[in-house]
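# Fold and contact review
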Amino acid sequence: MALSKEVYKEFEAVVGEENICDDPVIMPAYYGTEFAAVILPGDTAEVQAVVRLCNRHKIIFRPICTGWTGMFPKGCVLLDLRRMNRIVEINEKNMYAVVEPYVISSELQAELFKRGLNFCIKGAGTNCSAMLRGHGHMDQTTSGDDRNHLAIEWVTPEGNIVRTGALGSADEWFCGDGPGPSLRSILTSAVPPGVTPGVFTKAAVKLYHWPGPAAYPIEGVSPHYQLSEIPPNMMARYYSFPSVEKMWQAELKIGEAEIAFELMGFNISMVAANITTSNEEEEETFKRLNAEVQGPGFFVIIAGNSAADFAYKKKVLEKIVSEADGRSLKAAEDPRIEGILMCQCTRISASIRETFRNGGAFNSIPIMGQRDLTIKWAIGAGKAKEPLIKKGYIVDDGGAFFGWGVEQGHLGKTEIFCKFDPQNAEAKAAVEGWQKQETERAFKESYFASTMGPQDEIGPALLNYHLWWSKLTKAIDPNGVSPEGGSLV
Amino acid sequence: MGLEQYQGDMEMCCRCSACKFIPMQKVKGSAFSYACPSIARYNFHAYSGGGRLNIGAAMLKNGFKYTDKLLDVVYNCQLCGACGVSCNYAMDMEVLQPITEFRLKCVADGKTNPALDKVIAGLRKTGSMVTARGKRGDWAAGLNLKDAAREKVDVLYHVGCLTSYDKDMQKLARAAVKILQKAGVNFGIAGNAETCCGGRAYQMGYEEDFLNQAKKNLAMIKKAGIKTLVTSCADGYQAFKVLYDKYNLKGDLEVLHISEYIARLIEEGKLKPRRKVNLSVTYHDPCRLGRLGEPWVHWEGKKVPGDRFVFDPPKEYRRGTKGVYEPPRDVLKAIPGLKLTEMTRIKEYSWCCGAGGGVNESNPDFALWTAQERIDEAVATGAEAIVSACPWCEKTLGEAVKESSSALKVYDIVELVEKAI
């Protein structure tokens, strides 16, 4: 599967000797696939030149950012975008930031906090690319998904450079849809394959107001970080409710009152994962907290722009929670716990604890839609986890799901996952079976899950989008060098 | 021991890339956010902590195949442990240990680095990791120090190879003994009976040479009845305190870094820094005093079958939490007139000076590149000087300063204390 010496030299001439490697011995560092080569382009021009060479020689390529996940056909060239790590611009006046693919969310957010700004960090975590599309803990105030992508610089699968929205007409990044070409439906597909062919080389992301501190006052030594004080006019709480219905009603009212900076529908298992520093501690903490909560719940951060604003928001929050018979989790009222939860859930810096720490892997089903309906689906998916928990295949999280509203409205994301040891073949097969079964149920019950597929099965239920998508990909990728699937994390 | 025992840990890596950056809460912007010099310099994922683990796991599964590129990956790593600290904020898995075992295996399989072979040949011949010109104790001529190998002392001052033989670094030994004398400590040096701690040989992958050195040192210490050893070399500190213990050799020997000992002397009122040192400084945590100076945790157990990566008995991970971070800072704060400003990457997530893991010898350009990154970070604080607590750090940082024509001064902590007493 290796490149011929001549072709290798052509790629090498673009990126330089130091930035290409075809030694199969180091490929497992990336993934199990046999890559033809790994190439590290340094800028858009190099990406374009590499992509054009791929077209000339009919070589499949796939780009990655930090490289967490992805699907990679055997023999493809991997474009590791690591060298493209610049924050190009932070435009405070027009509230957008332009980043290259390897700027991670943590870096951008830290720069934004200094300026009283923030952006949507995806639930995957702050260690992922800032240009990643998706949803996150702060969706209440930062929205989510493709709402946050403004203008994009895109190297098409053929190697043309397309600049969308305002960038295409006025060399400005403030809008993704005009004046200039809007390719939103192609570039930020929510349905499978979910990934745009070609390579995003720069993207503008929308910025939002940040009422918190320029930097959190963190003290202690890893992994025992704490805040030396809770920042002024901020508060974090976890509330549990006697029923799903009451929780949902409270979530809705909080959204309508527009008082929450963040409302993250954590289950108590995820709270336990967040606040503990080892698996053993987490297991013990989960049992303890699970005994304290009265039912499902959510985590809320209130952030006031002034003391009066904070007092108002707090009062409204307490009223709504009280009317829904909600109960505050005592452990989370401890400033040491409150502080680190607040920090981790705005910096999105503990997603790995929530997902990978227990067994090394998790399989998830995320569902978008009306929150009360998707929660009903998730309850069924949770019950379907119970046999796996009993057999010891997956971590006992009480069969719980999680989720949150987006833009303080009814729309939201609901997600459920199984955490397991991927080296246990039986557990792996059982989890994959659960994921397939519950995704199929979601499809039958007319919910949309991003795990659905293949396209020719779900396409007929979605206006035959797959036929259009097939035509589009043939048009923009005539040589078939930019395959579908995977993600750009 | 052996790579095999870490198979489960290596398979736990989820390629999240946290190992490339300082702990996410601590990221303060786009500058100085990287933790690992190797991936920062060479960019391919193979050079990261996670990449190394995934290669190790694949090789255990599919067999070992050494190529030039693989050996380039293996030896272009300072084994500084920053990857492990960042990973272990969230994950329960060993990171640095399997990376170290991989290197030990390379050496055991004869896949060595020629530059390191040369250093080890010198060690076998002279007992030193640096070129030995003259005798080891020559620096102490005229100082009338006790010979700890023959005379009864409370404290053995272990000088270390670089400080003993490098004419530019011998000032650190003279400063250290002046401080100990001023505090009235009954101490001695082993002089020509001192030999290399073996720590750097271990970092380079030469386990047997490390063990030989450890045994020689401990035999001398036992014979002399030494109870407390103080060293001003971070590599020596880690070797005596952590590595010897890892191999069950240390016994009840008390091992202290000079900064810990000075902090203790100040606290006990035996040492009083009175003279003003009007200088604004920033402190560089040596890796092997800081995160890698954390005591070894002896543990044996088995994975509990099931859904979680947990063990019976429970495993306590060394996450860099218990390194030596405060004593050097306490000492600096005790010096009148001195102003300490912190860099972005400090304590458990400090950036390496570049010298560790044999990189200083096998790839001096990379060592210098790494040090230059640190100098840039120090300059960004506005400090006049960068202070460290290890001769290897001072040497490498000093070379980077010279190379860049920076006005930044480089000191070891003992030099500043010497000025203050």
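Residues numbered from 1 in each chain as written. Chains lettered and ligands numbered in written order. Predicted model: local features only at pLDDT ≥ 70, side-chain atom pairs only at ≥ 80, totals over all residues.

### Quick word on the overall build of chain B
Helices and strands together make up the secondary structure of chain B, namely 18 helices and 11 strands. The C-alpha atoms of chain B give 21 Å as radius of gyration, which agrees with the globular expectation for 421 residues (22 Å, within 12%). Dimensions along the principal axes, computed over C-alpha positions, put chain B at roughly 60 × 50 × 40 Å. Excluding contacts between residues fewer than 6 apart, the proportion of contacts in chain B whose partners are at least 24 apart in sequence is 79%. (Helix = DSSP H or I, 4+ residues; strand = E, 2+ residues; numbered from the N terminus. Rg over C-alpha atoms; globule rule 2.2 N^0.38 Å. Contact = placed C-beta atoms within 7 Å.)

### Quick notes on the overall build of chain A
Regarding its fold elements, chain A presents 17 helices and 21 strands. Relative to the globule expectation of 23 Å for 489 residues, the C-alpha radius of gyration of chain A, 23 Å, shows essentially globular dimensions. Expressed along its principal axes, the backbone C-alpha trace of chain A runs to roughly 70 × 55 × 50 Å. When burial is assessed residue by residue, chain A has 53% of its 489 residues classed as buried. Contacts spanning at least 24 positions in sequence make up 67% of the contacts within chain A whose residues lie at least 6 apart. (Buried ≥ 20, exposed ≤ 12 C-beta atoms within 10 Å, placed from the backbone.)

### Re the interface of chain A and chain B
Across the boundary between the two partners, chain A contributes 53 residues, which contact 49 residues of chain B. Of all the secondary-structure elements, those providing two or more residues to the side of chain A that touches chain B are helix H3 (105–114), helix H9 (279–292), helix H12 (335–347) and helix H13 (351–355) of chain A. Looking at which element gives the most residues to the side of chain A that touches chain B, the answer is H3 of chain A, with four residues. A class-by-class count of the residues in the side of chain A that touches chain B yields 27 nonpolar, 15 polar and 11 charged. (Nonpolar A, V, L, I, M, F, W, Y, C, P; charged D, E, K, R; others polar.)

### A look at the pairing of strand S5 (residues 87–91) of chain A
All names here are of chain A. Sheet topology note: the S5/strand S6 (residues 96–99) ladder contains four bridges and is antiparallel. Within the sheet, the bridge partner assigned to Ile-87 lies in S6 and is Val-99. The hairpin turn running from S5 into S6, its antiparallel successor, is four residues long, and Met-95 in that turn takes a positive phi close to 55°. (Pairing = 2+ DSSP bridges.)

### Structural notes on the pairing of strand S19 (residues 402–405) of chain A
All names here are of chain A. A two-sided burial pattern is seen for S19, the buried positions comprising Phe-402 and Trp-404 on one face and Gly-403 and Gly-405 on the other. By the bridge criterion, four bridges tie S19 to strand S20 (residues 411–420) in an arrangement that is antiparallel. From the neighbouring strand, Phe-402 faces S20, where its bridge partner is Glu-415. Linking two consecutive strands that pair antiparallel, namely S19 and S20, is a turn of five residues; a positive phi of about 55° is found at Glu-407 within it.

### Looking at H3 of chain A
Residues and elements named next belong to chain A. The buried fraction of H3 is high, at eight of 10 residues. The inward-facing, buried residues of H3 contact S5, S6, strand S7 (117–118) and H12. One or two steps after H3, the chain reaches Gly-116, where phi turns positive at roughly 70°.

### Some points on the confidence of the model for chain B
A residue-level look at chain B finds 100% of positions with pLDDT of 70 or above and a mean pLDDT of 97. Both confidence scores are given for the complex: pTM 0.97, ipTM 0.96. (pLDDT = per-residue confidence, 0-100.)

### Quick notes on the sheet that holds strand S5 (residues 254–257) of chain B
Sheet strands pair via backbone hydrogen bonds, and the direction of the pair is either parallel or antiparallel. Residues and elements named next belong to chain B. Reading across from one edge, S1-S3-S2-S4-S5 is the order of the five strands in this open sheet, with parallel pairing throughout. Since the sheet does not close on itself, it has two edges, and those belong to strand S1 (146–147) and S5, each with one partner. Bridge count for strand S2 (residues 155–158) against strand S4 (residues 228–231) is four bridges, and the pairing is parallel. Within S4, the position partnered with His-158 by the bridge is Thr-231.

### What about the sheet that holds strand S9 (residues 338–340) of chain B?
Residues and elements named next belong to chain B. Taken in spatial order, the four strands line up as S9-S6-S10-S11 in an open sheet, and their pairing is parallel. Only two strands of the sheet have a single neighbouring strand rather than two, namely S9 and strand S11 (409–412). The mean inter-strand angle of the sheet, taken between neighbouring strand axes irrespective of direction, is 35°. (Axes fitted to C-alpha atoms, helices over the stretch in contact; angles between N-to-C directions.)

### Section: unusual backbone geometry
For the bond running from Gly-453 of chain A to Pro-454 of chain A, omega is -5°, close enough to zero to count as cis. Residues Asp-312 of chain B and Pro-313 of chain B are joined by a peptide bond in cis, for which omega reads -5°. Note on placement: Pro-313 of chain B falls in the loop between strand S8 (311–312) and helix H14 (326–333). A positive phi angle, close to 55°, is found at Lys-58 of chain A, a residue other than glycine. Secondary-structure assignment places Lys-58 of chain A in the loop between helix H2 (44–56) and strand S3 (61–64).

### Regarding the domain arrangement of chain A
The domain boundaries assigned to chain A delineate domain 1 (5–83), domain 2 (87–209) and domain 3 (223–448). Taking only C-alpha atoms, the centre of domain 1 of chain A and the centre of domain 3 of chain A are 38 Å apart. (Domains from an automatic or database assignment.)

### Quick word on the packing of helix H14 (residues 371–390) of chain A against helix H15 (residues 425–444) of chain A
Residues and elements named next belong to chain A. Interhelical geometry of H14 versus H15 gives an angle of 155° and a closest axis separation of 10 Å. Judged on the interaxial angle alone, H15 and H14 are roughly antiparallel. The handedness of the crossing between H14 and H15 comes out as right-handed. Residues Trp-377, Gly-380, Ala-381, Ala-384, Lys-385 and Leu-388 of H14 touch H15, and the partners they reach there are Ala-430, Val-431, Trp-434, Gln-437, Glu-438, Arg-441 and Ala-442. (Parallel < 35°, antiparallel > 145°, perpendicular 65-115°, else oblique. Left-handed = near helix turned anticlockwise from the far one by under 90°.)

### What to know about H14 of chain A
Residues and elements named next belong to chain A. Its 20 residues give H14 an end-to-end C-alpha distance of 29 Å, which sits within 8% of 28 Å, the value for a rise of 1.5 Å per residue. Along H14, the positions that sit buried rather than exposed are Arg-371, Thr-374, Ile-375, Trp-377, Ala-378, Ala-381, Lys-385 and Leu-388. Check the buried side of H14 and you find it contacts helix H7 (244–257), strand S18 (361–370), S19, S20 and H15. Looking one or two residues beyond H14, the residue adopting positive phi is Gly-392, at roughly 80°. (Expected span 1.5 Å × (residues − 1).)

### With respect to the environment of Asp-209 of chain B
Residue and element names in this part refer to chain B. By the element assignment, Asp-209 lies in helix H11 (residues 207–224). Here the alpha-carbon distance between Asp-209 and Gly-198, two residues 11 residues apart in the chain, equals 6.9 Å. Contacts of Asp-209, omitting those with residues within four sequence positions, involve Ile-120, Leu-123, Arg-124, Gly-198 and Ala-201.

### Quick look at the environment of Glu-46 of chain A
Residues and elements named next belong to chain A. Secondary-structure assignment places Glu-46 in helix H2. For Glu-46, a count of 22 C-beta atoms within 10 Å translates into the label buried. For the pair Glu-46 and Leu-263, spaced 217 residues apart in sequence, the C-alpha to C-alpha distance is 42 Å. For Glu-46, the contacting residues outside a window of four places in its chain are Val-14, Val-15 and Pro-41.

### Focus: the environment of Pro-366 of chain A
Residue and element names in this part refer to chain A. Checked against the element boundaries, Pro-366 lands in strand S18. Residues Pro-366 and Glu-158, 208 residues apart in the sequence, show an inter-C-alpha distance of 32 Å. Once residues lying within four places of it in the same chain are set aside, the contact partners of Pro-366 are Lys-413, Glu-415, Ala-449 and Ser-450.

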